[in-house]
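Commentary on secondary and tertiary structure
Read off the chains here:
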Amino acid sequence: MAAEAGHGEARPSEREIRRAVAGAAMGNAVEWYDYAIYSYLVTSIGLNFFPEADPTAQKLLVFAGIALPFVLRPLGSFVLGPLGDKFGRRAVLAFTIITMSGATLCVGLIPSFATIGVAAPVLLVAARLVQGFSTGGEYGGAATFIAEYAPDRRRGLLGSFLELGTLSGYVLGAGIATTMQLTLPPQALNGWGWRIPFLLAGPIGLVGFYLRQKLDDSPSFRRLASKGAGTKAPLREALSYWPQILNLIGIVILLNVADYTLLTYMPTYLTRVLNINEAQSLLVLVGVMLAMIAFITPLGALSDRIGRRPVLLASAIGFLLFSYPAISLIEMRSAFAVSGGLLILAVLLPLMLATIGSTLPAMFPTRNRYGAFSLGYGVSTALFGGTAPLVITALIASTGSNSIPAFYLMAAAAIAIVPICLMPETSRRSISHPTRIPGTNP
């Protein structure tokens, strides 16, 4: 152990902090690995589970499979978040990662419609709903876990590794799916090849489960538990922070709309809406994700120096001003223009991704942090995250305008600016107080 902390406990060592960050980020990687392979294999999934639908209907049905998990995500938040405040962060996080990866694995095991008929899409929906329930307790717990382990002056840097997990998991999934598409003939890909990325979720999840099981619970939670100061009514207490929860929901609207538009919907937008060569568009997107990975941790460290609010405001204002020019460039369809438009979005999104993991946990006290955070995040993500590809697809179909993604991003940015301005600045401030919200008066 390292030097003593102010509460009479030893601070976690650097090794313990690194293990905690890695274990927490691994769950986010598993979650977004699932979204990547599902998004990149839209055509194969549609042919296997909805073969009797026309191509447009297939696309909508597959995107409904992305949106469906978010029906149960708020329930997962209401159940798992408060349990994390009552019984500990680690136990719930171990449950979420093994359940998420197991549900993804099951998708790869479900027989096709041609084999078992309507039971195939029914089982697909069931697996996606289980995945949604488990993710309801994942992000809030992982962000809380890292924030409670991180030293105050490095919380932005270490919190950014959570979203580094997001992008790394997405790039891994996108890379595997793209490799399958480039190396297998269509018949093999649509027959059995599409299953391989889903089956790989099993061993990936086991690695994450092992990492989390080896961790101690966060120092803040252990301190509360040792004093008998933990919550006895976690859900009721978490709901008492409804003003902060509403503020979080407003901020997360932009995070989710941007995340799911760029990471989940964009592959289909490029190939099925703009008719850009599939291999070219997928490779460009993977390149953009790699560029975003390079930005994440320096931006997290920047938020430790200048504060969270300036970085988040730069992202929101940037999306408001530059989403339309970015989508307009992408609509030109040339490799140079598409890369330029995606690069604009790839600069704006990491500004938020790098900062959000240290910002949101600081909005709530230790005693109710996991539950209150998860409630707000789960509701906002259910309403505006997983639904984004489905809504954008439907709006493009009904209006005929390929600029819908830009307008959707701009609307989300306009909403998010208000709660960002209202939130307290918590950079470099302690968040270890058990009952007071950091950044407010005692």
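Up top is the structure.
Report follows, based on the coordinates. (Residues numbered from 1 in each chain as written. Predicted model: local features only at pLDDT ≥ 70, side-chain atom pairs only at ≥ 80, totals over all residues. Heavy atoms only, no water.)

Moving on, we get to the nonpolar core. Residues Tyr-269, Leu-270, Met-289 and Leu-342 are the most contacted members of the largest nonpolar core, which totals 123 residues. Among the elements that make up this core, the one with the highest residue count is helix α15 (residues 242–273) (18 residues). With residues up to four places along the chain from it excluded, the contact list for Tyr-269 reads Leu-274, Ile-327, Ile-330, Glu-331, Ile-396, Asn-402 and Pro-405. (Core = buried A, V, L, I, M, F, W, Y, C linked by side-chain atoms within 4.5 Å. Buried < 20%, exposed > 50% of the residue type's maximum accessible area, 1.4 Å probe, protein only. Helix = DSSP H or I, 4+ residues; strand = E, 2+ residues; numbered from the N terminus. Contact = heavy atoms within 4.5 Å.)

Another point: the pattern of salt bridges. What the rule picks out here adds up to ten salt bridges. Of the charged contacts, one joins Glu-14 and Arg-154 as a salt bridge, the two residues approaching to 2.8 Å between their closest N and O atoms. Taken together, the residues Glu-14 in helix α1 (residues 14–40) and Arg-154 in the loop between α8 (138–149) and α9 (155–183) connect sequence positions 140 residues apart. A salt bridge links Asp-85 to Arg-89, with the shortest nitrogen-to-oxygen separation between them at 2.9 Å. You can call Arg-89 buried: its relative accessible area is 0%. (Salt bridge = Lys/Arg side-chain N within 4 Å of Asp/Glu carboxyl O.)

Right, let's talk about empty space enclosed by the protein for a bit. Under the defined criterion, the tally for this structure stands at two cavities of 30 Å³ or more. As a volume, the largest cavity reaches approximately 80 Å³. As for the largest cavity, its lining consists of Ser-39, Tyr-40, Val-42, Thr-43, Pro-267, Thr-268, Thr-271, Arg-272, Glu-278 and Leu-282. Those elements giving two or more residues to the lining of the largest cavity turn out to be α1, α2 (42–49), α15 and α16 (278–306). The element contributing the most residues to the lining of the largest cavity is α15, with four residues. Counted by class, the lining of the largest cavity contains four nonpolar, four polar and two charged residues. In this model, the second largest cavity occupies a volume close to 50 Å³. (1 Å grid on protein atoms, 1.4 Å probe; cavity = no way out; pocket = protein on both sides within 12 Å on 5 of 7 lines; lining within 4 Å. Points joined across faces, edges and corners; volume = space filled by probe spheres on them. Nonpolar A, V, L, I, M, F, W, Y, C, P; charged D, E, K, R; others polar.)

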